[in-house]
Amino acid sequence: EAFAALLAEAHRTAARTAADSPWGDPAAVLDAAQQNIDVLASQFIDPADAAAITALRTWILHEHDVLRNFMAQRQAAGAVRECHGDLHLGNIVLIDNRLVPFDCIEFNPALCWNDVLSEAAFLVMDLHDRGSPRLAWLFLNSYLEDTQDYEGLALLPFHLVYYLC
């Protein structure tokens, strides 16, 4: 809960991208997701894996098509901000009984300028992936209570799948 509040405050005060910026643009989001799928596809040669990758790619394209206008609206409204860019459990440390993020990706604007809900989704995905779904939902609930960004939840499935790739 405390880390959710810390992240919410960081997101509130983070620089916002211009509405016409390529950072956080729906086309850039799709490009990044497709690059992840391409890398994933290059790792498998089994036909069953290829079918799963094709289904994943189809799902990503469909969901992006459904969400494209919403992503653009959020970008125009200032939801795309200069975030940490790599917020997973490996980049969070406990110092003096406080969780503190470190090792952000300020050197690559394409990775750190994100919709704030996307960044929260990355941590939710990592907590789930590491077997802590209760912590994932506690973090997300606390983050949403603090930010009141409930409408951003429409993006959660897309970003969870994107980050799992």
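Residues numbered from 1 in each chain as written. Predicted model: local features only at pLDDT ≥ 70, side-chain atom pairs only at ≥ 80, totals over all residues. Heavy atoms only, no water.

1. Notes on the pattern of salt bridges
If charged atoms from side chains of opposite charge come close, those side chains can pair. Considering all chains together, one arrives at eight salt bridges under this definition. In this structure, the salt-bridge partner of Arg12 is Asp146, at a minimum N-O distance of 3.0 Å. Taken as a pair, Arg12 in helix 1 (residues 2-13) and Asp146 in helix 6 (residues 133-147) lie far apart in primary sequence, 134 residues in all. By relative accessible area, Asp146 is classed as partly exposed at 30%. Here Asp149 ties to Arg74 by a salt bridge, and the two come within 2.7 Å at their closest N and O atoms. Here Asp149, found in the loop between helix 6 and helix 7 (156-164), pairs with Arg74, found in helix 3 (residues 47-77); they are 75 residues apart in sequence, far enough to count as distant. Comparing Asp149 with Arg74 shows no difference in burial state: the two are buried. Within this structure, Arg74, Asp115, Asp149 and Glu151 form a network of salt bridges that share partners. (Salt bridge = Lys/Arg side-chain N within 4 Å of Asp/Glu carboxyl O. Helix = DSSP H or I, 4+ residues; strand = E, 2+ residues; numbered from the N terminus. Buried < 20%, exposed > 50% of the residue type's maximum accessible area, 1.4 Å probe, protein only.)

2. Considerations on the nonpolar core
Grouped together as the largest cluster of nonpolar side chains are 37 residues, with contacts concentrated most on Ile60, Phe139, Tyr143 and Phe158. Ranked by the residues each element gives to this core, the list is headed by helix 5 (residues 116-129), at nine residues. Apart from residues no more than four positions distant in its own chain, Phe139 is found in contact with Phe3, Ala4, Leu7, Ala120, Leu123, Val124 and Leu127. (Core = buried A, V, L, I, M, F, W, Y, C linked by side-chain atoms within 4.5 Å. Contact = heavy atoms within 4.5 Å.)

3. Structural notes on the packing of helix 2 (residues 26-42) against helix 3
The axes of two packed helices give the description: the angle between them and the distance between them. Running from N to C, helix 2 and helix 3 point in directions that differ by 160°, and their axes come no closer than 8 Å. Taken together, helix 2 and helix 3 sit at an angle that is classed as roughly antiparallel. Our pair here, helix 2 against helix 3, has a crossing hand that is right-handed. Between helix 2 and helix 3, the contacting residues are Pro26, Ala27, Val29, Leu30, Ala33, Gln34, Ile37, Asp38, Leu40 and Ala41 on the first element and Ile53, Leu56, Arg57, Ile60, Leu61, His64, Arg68, Met71, Ala72 and Gln75 on the second. The class makeup of the residues in the contact of helix 2 with helix 3 is 14 nonpolar, three polar and three charged. (Axes fitted to C-alpha atoms, helices over the stretch in contact; angles between N-to-C directions. Parallel < 35°, antiparallel > 145°, perpendicular 65-115°, else oblique. Left-handed = near helix turned anticlockwise from the far one by under 90°. Nonpolar A, V, L, I, M, F, W, Y, C, P; charged D, E, K, R; others polar.)

4. Notes on the pairing of strand 3 (residues 98-101)
Pairing analysis gives four bridges linking strand 2 (residues 92-95) to strand 3, with the strands arranged antiparallel. If you follow Leu94 over to strand 3, its bridge partner there is Leu99. Linking strand 2 back to strand 3 in an antiparallel pair, the connection comprises two residues, with Asp96 at a positive phi of about 50°. (Pairing = 2+ DSSP bridges.)

5. Comments concerning helix 1
Compared with the 16 Å implied by 1.5 Å per residue over 12 residues, the 17 Å span of helix 1 between its first and last C-alpha is a close match. All of the buried residues along helix 1 are Phe3, Ala4, Leu7, Ala8 and His11. Buried residues of helix 1, viewed axially, fall in a sector of 135°; they line one side. Facing away from the buried side of helix 1 by more than 90 degrees, the exposed set consists of Ala2 and Thr13. Buried residues along helix 1 sit against strand 1 (80-82), strand 2, strand 3, helix 5 and helix 6. (Expected span 1.5 Å × (residues − 1). Arc of directions from axis to C-beta.)

6. Focus: the packing of aromatic side chains
Scanning the entire structure with this criterion turns up four aromatic pairs. Measuring from ring centre to ring centre gives 6.4 Å for Phe3 and Phe139, while their planes differ by 40°; the resulting arrangement is tilted. Residue Phe3 is located in helix 1, and its partner Phe139 is located in helix 6; the two are separated by 136 residues in the primary sequence. Across the pair, Phe139 and Phe3 agree in class, each one buried. (Phe/Tyr/Trp six-rings, centres within 6.5 Å; stacked < 30°, edge-to-face > 60°.)

7. Some thoughts on unusual backbone geometry
Phi at Asp96 takes a positive value of approximately 50°, unusual for a residue other than glycine. Relative to the helices and strands, Asp96 is located in the loop between strand 2 and strand 3.

8. A word on the environment of Met125
When you line up the elements, Met125 lands in helix 5. On the basis of relative accessibility, which here comes to 8%, the residue Met125 falls in the buried class. Each C-alpha atom, one on Met125 and one on Trp137, is 10 Å from the other, the two residues being 12 residues apart in sequence. Ignoring anything within four residues of it in the chain, the contact list for Met125 reads Leu160, Tyr163 and Leu164.

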